[in-house]
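Residue-level listing of the chains:
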Amino acid sequence: MMKQKTATTIAIANQKGGVGKTTTALSLAAGLAERNYSVLLIDADPQGSLTLSCGITEPDEIEFSLANVMTEIVKDNDFEITKGIVPTDEDFDLMPGNVLLSGIEVELVNTMQRERILDYYVEMQRSRYDYIIIDCTPSLGMLTINALAAADGVLIPTQANYLSVKGLELLMGTISKIKRRINRKLEIEGILLTMVDSRTKLARSVSEIVRSSYGEHIRIYTTEIPVSIKAAETAMQGKSIYRHSKSSKIAKAYQAFTDEFIESEV
Ligand SMILES: Nc1ncnc2c1ncn2[C@@H]1O[C@H](COP(=O)(O)OP(=O)(O)O)[C@@H](O)[C@H]1O
Ligand SMILES: [Mg+2]
């Protein structure tokens, strides 16, 4: 019999929007796939921006997406394990997300074990992948709680500015609450500084503040993702930064981050 894979599940979370969660989720998935790991990327954001970035132009038209998965689980209905999963030409699989997810938060209110619906799905998929990566929505609502309940680790992208770093305290509080009450195995994988403009003194000092205030207990990745216009361009093209501009600074930074991420795993 073949050895069963048991995927490491990573939630990419920050309640602040526009900090690079989706860009990081896609780049990490594509980077891991390039290194021959099998990856399932899950879009748990009603905005569907990850789904769009993967080249699906009308996320809201998809017949069976994450919201449908969650509804079937809530209703205790069986469904085919691969149902709705989209293979991408960058060799990872996508479970798309769309606007229907915004209804899920409401639907879950009266559901038993409502924090564990996504966890149930992740458990179904664990034996099929090396990594499952969940792109979270910018809030600390039920969808993000579901992602954190399902994850082994949480990866936190943050912009290198004072307010963004200040906002991390709230997220850390939520993570430790979930660790205590719902998911004991949850660990913080690390903080990734994104959109860093290393030419400015401000970015440099914020990066130093993050390292000195959190670095003792939490891994701050050595790799920092530079600010780059290429990131915005690639999102519109429906492919990863590696396909869009392989030799750009940001592509190289995400490659270095992928290697650092893998090294930190072992
Ligand atoms: N390193 C970067 N430099 C410049 N723009 C970026 C960078 N990373 C992401 N972006 C852009 O910033 C916006 C927000 O990024 P995104 O990854 O969608 O963040 P989030 O998922 O946290 O909301 C997007 O338009 C994206 O293309
Ligand atoms: Mg996003």
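Residues numbered from 1 in each chain as written. Chains lettered and ligands numbered in written order. Predicted model: local features only at pLDDT ≥ 70, side-chain atom pairs only at ≥ 80, totals over all residues.

(A) Main features of the overall build of the chain. A tally of regular secondary structure across the chain gives 11 helices and seven strands. Against the compact-globule benchmark of 18 Å for 266 residues, the chain has a radius of gyration of 18 Å, which places it among compact chains. Expressed as a percentage of its 266 residues, the buried residues of the chain come to 47%. By sequence separation, contacts in the chain at least 24 residues apart represent 78% of the contacts at least 6 residues apart. (Helix = DSSP H or I, 4+ residues; strand = E, 2+ residues; numbered from the N terminus. Rg over C-alpha atoms; globule rule 2.2 N^0.38 Å. Buried ≥ 20, exposed ≤ 12 C-beta atoms within 10 Å, placed from the backbone. Contact = placed C-beta atoms within 7 Å.)

(B) Broad picture of the site of ligand 1. Neighbouring ligand 1 are 18 residues, the closest being K21, T22, T23, A231 and A232. At the level of secondary structure, the elements contributing two or more residues to the shell around ligand 1 comprise helix 1 (21-34) and helix 9 (229-237). Of the residues that constitute the shell around ligand 1, the class distribution is nine nonpolar, eight polar and one charged. (Near = placed C-beta within 6 Å. Nonpolar A, V, L, I, M, F, W, Y, C, P; charged D, E, K, R; others polar.)

(C) Inspection of helix 5 (residues 117-125) at higher detail. Those residues of helix 5 that sit buried are I117, L118, D119, Y121, V122 and Q125. Each element contacted by the buried residues of helix 5 is listed here: strand 1 (8-12), strand 2 (39-44), helix 3 (66-74), strand 5 (131-136) and helix 6 (142-150).

(D) Examining the nonpolar core more closely. Counting residues in hydrophobic clusters, the biggest one holds 78 residues, and the most contacted among them are A29, I133, I134, A147 and L148. When neighbours within four sequence positions are excluded, A29 is seen to be in contact with V39, L41, F92 and I133. (Core = buried A, V, L, I, M, F, W, Y, C linked by C-beta atoms within 7 Å.)

(E) View of the packing of helix 5 against helix 6. Packing of helix 5 against helix 6 brings their axes to within 7 Å, and their N-to-C directions diverge by 40 degrees. Considering their axes alone, helix 5 and helix 6 lie oblique with respect to each other. Between helix 5 and helix 6 the crossing geometry is right-handed. Contacts between helix 5 and helix 6 involve I117, L118, D119 and V122 on the former and, on the latter, N146, A147, A149 and A150. Tallied by class, residues from the contact of helix 5 with helix 6 come to six nonpolar, one polar and one charged. (Axes fitted to C-alpha atoms, helices over the stretch in contact; angles between N-to-C directions. Parallel < 35°, antiparallel > 145°, perpendicular 65-115°, else oblique. Left-handed = near helix turned anticlockwise from the far one by under 90°.)

(F) Highlighting the pairing of strand 5. Summarising burial for strand 5: six of the six residues are buried, a large majority. Judged by which residues are buried, strand 5 turns out to be covered on both faces: Y131, I133 and D135 on one side and I132, I134 and C136 on the other are all buried. Sheet topology note: the strand 1/strand 5 ladder contains five bridges and is parallel. Residue I10 lies in a different strand from strand 5, and its bridge partner there is I133. Relative to strand 5, strand 2 runs parallel, the two being bridged by six bridges. Within the sheet, the bridge partner assigned to A44 lies in strand 5 and is C136. (Pairing = 2+ DSSP bridges.)

(G) Region of the structure containing the sheet that holds strand 6 (residues 153-159). On the basis of which strands lie adjacent, the open sheet formed by seven strands has the order 3-4-2-5-1-6-7 and mixed pairing. With one partner strand each, in any of the chains shown, strand 3 (86-87) and strand 7 (187-194) form the two edges of the open sheet. Here helix 6 sits on the sheet in contact with strand 1, strand 2, strand 5 and strand 6, set at roughly 160 degrees to strand 5.

(H) Up close: unusual backbone geometry. Even without being a glycine, D76 presents a positive backbone phi close to 65 degrees. Relative to the helices and strands, D76 resides in the loop between helix 3 and strand 3. In the Ramachandran plot, D91 falls in the positive-phi region, its phi being about 70 degrees despite a non-glycine side chain. Mapped onto the elements, D91 comes out in the loop between strand 3 and strand 4 (93-95).

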